[in-house]
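Coordinate inspection notes
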Amino acid sequence: LEDYEERLDHDGKRRLDRLIHLSQRMEKLVNDLLYFSRIGRFELAVQRTDIRVVLRDVVSTLEQFLDERHAKVVVADDLPDVVCDSVRITEVFRNLVVNAVKYNDRAEKRVDIGHLPQRVDEAGKERHGVYFVRDNGKGIASEFYEDIFRIFKRLERTDDDSGTGVGLTFVRKIVQRHGGHIWLESKPGAGTTFYFTLAPE
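Residues numbered from 1 in each chain as written. Predicted model: local features only at pLDDT ≥ 70, side-chain atom pairs only at ≥ 80, totals over all residues. Heavy atoms only, no water.

Taken together, the side chains of E2, D3, E5, E6 and D17 make up a negatively charged region of the molecular surface. Here E5 shows up in the segment before α1 (10-39). Judged by relative accessible area, E5 falls into the partly exposed class, the value being 39%. (Patch = residues over 30% accessible without salt bridge, like charges linked within 9 Å, V, L, I, M, F, W, Y side chains within 5 Å. Areas by Shrake-Rupley, 256 points an atom, 1.4 Å probe, with all protein chains shown as cover. Salt bridge = Lys/Arg side-chain N within 4 Å of Asp/Glu carboxyl O. Lys, Arg positive; Asp, Glu negative; His and termini not counted. Charge placed at Lys NZ, Arg CZ, Asp CG, Glu CD. Helix = DSSP H or I, 4+ residues; strand = E, 2+ residues; numbered from the N terminus. Buried < 20%, exposed > 50% of the residue type's maximum accessible area, 1.4 Å probe, protein only.)

In structure tokens:
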């Protein structure tokens, strides 16, 4: 494209641009697969972590993304410290916040992040020390609850088609590496809440 741009017609340039886009997307898919394979092997750098600091960092790095989409993230004041790998848990919260905004059709998007002493999960088991990320978006039908955690599975496309459908797969794998559990509660038209724990029970 660089060497022969003057000789290429519009259709030729369009086809080469498409090849560039597809090859970049393939590179991202391969890198995501490599990262996913490493999640199960790397040693967690666990230490006592102030989740409020983690979330300040997440919101700060997403500031432009949130502004452009008229989205607001509200973080509860009473989030307890937890022993975890702070870098990986930053990924968890970042992925959940980005998805909560990206798949939200409201004019004013809102994401609430908080903590509950206990919560009953999807199997009826009582979980303790539960973090949650709740949005006011379009919601997810119950038959898709498991699909969204499958690698490269996306329920829908968005205007920003740069994702590969691995974000929630990473999230679940990281939570499981911490000995925790993740699940969701949702209703079409009434938003979605992801709940997760970060310690074995």
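As a further point, take the packing of aromatic side chains. Summed over all chains, the structure comprises five aromatic pairs. When the ring of F93 is compared with that of Y131, the centres are 6.3 Å apart and the planes differ by 90 degrees; the resulting orientation is edge-to-face. You can see F93 sitting in helix α4 (residues 86-102) and its partner Y131 sitting in strand β5 (residues 126-135), a full 38 residues away along the chain. Residue F93 shares its accessibility class with Y131, and that shared class is buried. Linked through ring pairs, F93, Y131 and F196 together constitute an aromatic cluster. The ring centre of F132 lies 4.5 Å from the NZ or CZ of R134, which sits over that ring. (Phe/Tyr/Trp six-rings, centres within 6.5 Å; stacked < 30°, edge-to-face > 60°. Lys NZ or Arg CZ within 6 Å of the ring centre and 35° of its normal.)

Right, let's talk about the packing of α4 against helix α5 (residues 167-177) for a bit. In the contact formed by α4 and α5, the axes pass within 9 Å of each other and the chain directions differ by 145 degrees. Crossing handedness for the pair α4 and α5: left-handed. Facing α4, whose interface residues are R88, I89, E91, V92, N95, L96 and N99, α5 presents G167, L168, V171, I174 and V175. The class makeup of the residues in the contact of α4 with α5 is seven nonpolar, three polar and two charged. (Axes fitted to C-alpha atoms, helices over the stretch in contact; angles between N-to-C directions. Left-handed = near helix turned anticlockwise from the far one by under 90°. Contact = heavy atoms within 4.5 Å. Nonpolar A, V, L, I, M, F, W, Y, C, P; charged D, E, K, R; others polar.)

Everything listed is a geometric property; what it means functionally is a separate question.
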